[in-house]
Amino acid sequence: MKKKMIVLALCTVMAFSFTACGGNKKETAPTTIAEETETSSGAEIANPFVDCQSLEEAAAQAGFDLSVPDSIGDYSEKVIQMAKEDGLDLIQVFYTGAGEEKVLVRKGICEGDISGDYTVYEKEETVTEEGMEITLKGDSECMHLALWTEGEYKFSLYVEAGMDSAEMVEIVKMIK
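In short, a report on the structure.

1. A few points about the overall build of the protein
Thought 1: Of regular secondary structure, the protein possesses 3 helices and 8 strands.
Thought 2: Reading the protein from its N end, one meets helices and strands in the order α-β-α-β-β-β-β-β-β-β-α.
Thought 3: Across the 176 residues in the protein, those meeting the buried criterion constitute 36%.
Thought 4: Accessible area of the protein: about 11300 Å², with a carbon and sulfur share of 52%.

2. With respect to the pattern of salt bridges
Thought 1: Counted by the stated rule, this structure contains 5 salt bridges.
Thought 2: Two residues, K107 and D65, come together in a salt bridge whose shortest N-O distance is 4.0 Å. Taken together, the residues span a long stretch of sequence, with K107 in strand β4 (residues 102–110) and D65 in the loop between α2 (55–62) and β2 (77–85) at a distance of 42 residues.
Thought 3: Taking relative accessible area as the criterion, K107 reaches 5% and is therefore assigned buried.
Thought 4: Across the pair K173 and E129 runs a salt bridge, and its minimum N-O distance is 3.4 Å. With a gap of 44 residues between them, K173 in the segment after α3 (165–172) and E129 in strand β5 (residues 123–129) connect regions that are remote in the sequence.
Thought 5: A residue is classified by how much of its surface remains accessible, and K173, at 18% relative accessible area, is buried.

3. Some details on α3
Thought 1: Along α3, the positions that sit buried rather than exposed are S165, M168, V169, I171 and V172. Buried residues of α3, viewed axially, fall in a sector of 160 degrees; they line one side.
Thought 2: Here the buried face of α3 lies against β5, β6 (132–138), β7 (143–150) and β8 (153–163).
Thought 3: At the N-terminal end of α3, a side-chain oxygen is found 3.2 Å from the backbone nitrogen of A166, two or three residues along, and the residue is D164.

4. Side note on the side chain of R106
Thought 1: Checked against the element boundaries, R106 lands in strand β4.
Thought 2: No salt bridge is formed by the buried R106; its nearest oppositely charged neighbour, D113, is found at 7.1 Å.
Thought 3: In terms of polar contacts, R106 uses its side chain to reach the backbone carbonyl oxygen of I114, at 3.0 Å.

5. Section: the nonpolar core
In a soluble, globular protein the nonpolar side chains are often hidden away together inside.
Thought 1: One finds W148 and L157 to be the most contacted residues of the largest nonpolar core, which totals 32 residues.
Thought 2: Going through the elements one at a time, α2, β2, β3 (88–96), β4, β6, β7, β8 and α3 are the ones with two or more residues in this core.
Thought 3: In this view, L157 contacts I72, V103, L104, V105, H144, L145, A146, W148, M168, I171 and V172; residues no more than four positions away in its chain are not counted.
Thought 4: In terms of nonpolar packing, the next biggest core, distinct from the first, is built from 6 residues, F94, L104, L145 and L147 among them.

6. Observations concerning the environment of Q53
Thought 1: Secondary-structure assignment places Q53 in the loop between β1 (50–52) and α2.
Thought 2: Distance in space between the C-alpha atoms of Q53 and V79 is 8.2 Å, their sequence separation being 26 residues.

7. So, the pairing of β6
Look at any regular strand and the pattern is simple: side chains alternate between the two faces of the sheet.
Thought 1: Extensive coverage of β6 is indicated by the burial of 6 of its 7 residues.
Thought 2: As paired strands, β5 and β6 are joined by 7 bridges and run antiparallel to one another. Across the sheet, T128 pairs through a bridge with E133, a residue of β6.
Thought 3: Here 4 bridges tie β6 to β7, and the two strands are oriented antiparallel to one another. Each residue of the ladder has a partner; that of K137, found in β7, is L145.
Thought 4: Connecting β6 to the next strand, β7, in antiparallel fashion are 4 residues.

8. Things to note about the environment of E101
Thought 1: Looking at where E101 falls in the secondary structure, it is placed in the loop between β3 and β4.
Thought 2: Owing to a relative accessible area of 37%, E101 belongs among the partly exposed residues under this scheme.
Thought 3: Among all residues touching E101, those that are not within four sequence positions of it are Y75, Y95, T96, E160 and A161.

Rules and cut-offs
- Residues numbered from 1 in each chain as written.
- Predicted model: local features only at pLDDT ≥ 70, side-chain atom pairs only at ≥ 80, totals over all residues.
- Heavy atoms only, no water.
- Helix = DSSP H or I, 4+ residues; strand = E, 2+ residues; numbered from the N terminus.
- Buried < 20%, exposed > 50% of the residue type's maximum accessible area, 1.4 Å probe, protein only.
- Areas by Shrake-Rupley, 256 points an atom, 1.4 Å probe, with all protein chains shown as cover.
- Salt bridge = Lys/Arg side-chain N within 4 Å of Asp/Glu carboxyl O.
- Arc of directions from axis to C-beta.
- Contact = heavy atoms within 4.5 Å.
- Polar contact = N/O pair within 3.5 Å; in protein donor to acceptor, adjacent residues only side chain to side chain.
- Lys, Arg positive; Asp, Glu negative; His and termini not counted.
- Core = buried A, V, L, I, M, F, W, Y, C linked by side-chain atoms within 4.5 Å.
- Pairing = 2+ DSSP bridges.

Structure (structure tokens):
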């Protein structure tokens, strides 16, 4: 009888330990730059972006214009959006290609980093080109993010697949 009680007690302890160790595992996936976010209460934060048919339409709504290349590398399909609310006036252009990777260009008037990319990159360098100071961020293989300012406007170029510094700077020079 004593052995049965010990075995029962051990089985109960093991069952509780499996439940305790595996019950609260929560996996999270990184979010993309323009996804809507949920608060801890489960309520969604409203997406401030409005789709626009053209850069001219976005400029009319935002109060400033954005000039971008027709394509960036193999990325030629564009989605144009603008946002205008307290502390944020922004136009963004998503470029997509054959795969799921994206390129995102942003121009706006705001405080802080305009990119929406809060990744901590292992590599950061600053280059000066045509009087512009451009901060490039990436990893050991390539750059993913460029940040620069012209007058009151902040700009960002995010390349999901990455590219080398020189190529990224050449694209930055085409964005006004």
